[in-house]
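# Results of the structural survey
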Amino acid sequence: HWTSEEKAAINSVWQKVDVEKEGPETLSRVLITYPWTQRYFATFGNMSSPAAIINNPKVSAHGKKVLCALGEAVSHLDNIKGIYAKLSELHAKTLYVDPYNFKLFGQVLVIVLARRLGSAFTVEVQAAWEKFVAVVGAALSKGYQ
Ligand code: ZNH
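Because the structure is predicted, anything quoted here is derived from the model rather than measured.

Cut-offs and rules
- Residues numbered from 1 in each chain as written.
- Predicted model: local features only at pLDDT ≥ 70, side-chain atom pairs only at ≥ 80, totals over all residues.
- Heavy atoms only, no water.
- Donors = N, O, S within 2.8 Å, 3.2 Å for Na, K, Ca; no water.
- Helix = DSSP H or I, 4+ residues; strand = E, 2+ residues; numbered from the N terminus.
- Polar contact = N/O pair within 3.5 Å; in protein donor to acceptor, adjacent residues only side chain to side chain.
- Contact = heavy atoms within 4.5 Å.
- Phe/Tyr/Trp six-rings, centres within 6.5 Å; stacked < 30°, edge-to-face > 60°.
- Buried < 20%, exposed > 50% of the residue type's maximum accessible area, 1.4 Å probe, protein only.
- Lys NZ or Arg CZ within 6 Å of the ring centre and 35° of its normal.

## Some words on the coordination of the zinc atom of the ligand
- Donation to the zinc atom of the ligand from the protein comes from one atom only, His91 (NE2), at 2.2 Å.
- Residue position: His91 is located in helix H6 (residues 85-94).

This is the structure we're talking about:
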């Protein structure tokens, strides 16, 4: 269900993504902008202020982990549901993450990418990435049924 233009847009952007930077930035922005998401990370320690969240090494490590998992989806665009089946079950049945948060994470990621890419973040690129994060969110939500 991807056009070759969408695949090209998703892949070309991903090549410019620095997981070490954009991973921590995306997760920090989610935790700061939507503070209720902090409750899922009770073991992560100090999240008392935006600076505490940005400098929290567990937040950084987890942000990288999540973006690495997203990279797997980029590499398997035609089987995102398949590769995320276990991860979806984990979020549904063990972590009890409200799937609405996947949507928020996707929105914030698009903003982070837009800043990173500047004028290269064309409307076509935005459209392809909005679709990608929606497909990822749907795949992660599958295990909730
Ligand atoms: Zn998540 C975990 C992915 C979103 C919450 N995650 C996780 C992991 C991964 C992921 C890979 C690891 C697993 C293991 O270890 O096995 N995520 C992901 C992705 C996404 C996500 C891809 C999208 C895109 N998450 C999310 C959200 C939230 C979450 C939104 C909330 C808010 N996760 C989570 C938690 C966990 C996880 C809580 C656990 C952590 C720890 O370490 O403890």
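## Some words on the side chain of Asn101
- Within the fold, Asn101 resides in helix H7 (residues 100-117).
- Within the structure, the side chain of Asn101 is placed 3.4 Å from the side chain of Tyr40, a separation counted as a polar contact.
- In this view, Asn101 contacts Trp36, Thr37 and Tyr40; residues no more than four positions away in its chain are not counted.

## Structural notes on the packing of aromatic side chains
- Enumeration according to the criterion identifies 5 aromatic pairs in this entry.
- Taking the centre distance of 6.4 Å and the plane angle of 20° together, the rings of Trp14 and Trp129 count as stacked. Separated by 115 residues along the polypeptide, Trp14 in helix H1 (residues 4-16) and Trp129 in helix H8 (residues 123-141) bring together distant segments of the chain.
- For Trp14, a relative accessible area of 17% translates into the label buried.
- By relative accessible area, which is 0% here, Trp129 ends up buried.
- Each ring, one from Tyr34 and one from Trp36, has its centre 5.6 Å from the other, and the planes form 55°; the classification is tilted.
- Residue Trp36 is classed as partly exposed on the basis of its relative accessible area of 46%.
- What links up through ring pairs into an aromatic cluster is the set Trp14, Trp129 and Phe132.
- One cation-aromatic arrangement involves Arg39 over Tyr40; the distance from NZ or CZ to the ring centre is 4.9 Å.

## A word on unusual backbone geometry
- Notably, Tyr96 is not glycine yet its phi reads approximately 50°, a positive angle.
- According to the relative accessible area criterion, Tyr96 is exposed, its value standing at 60%.

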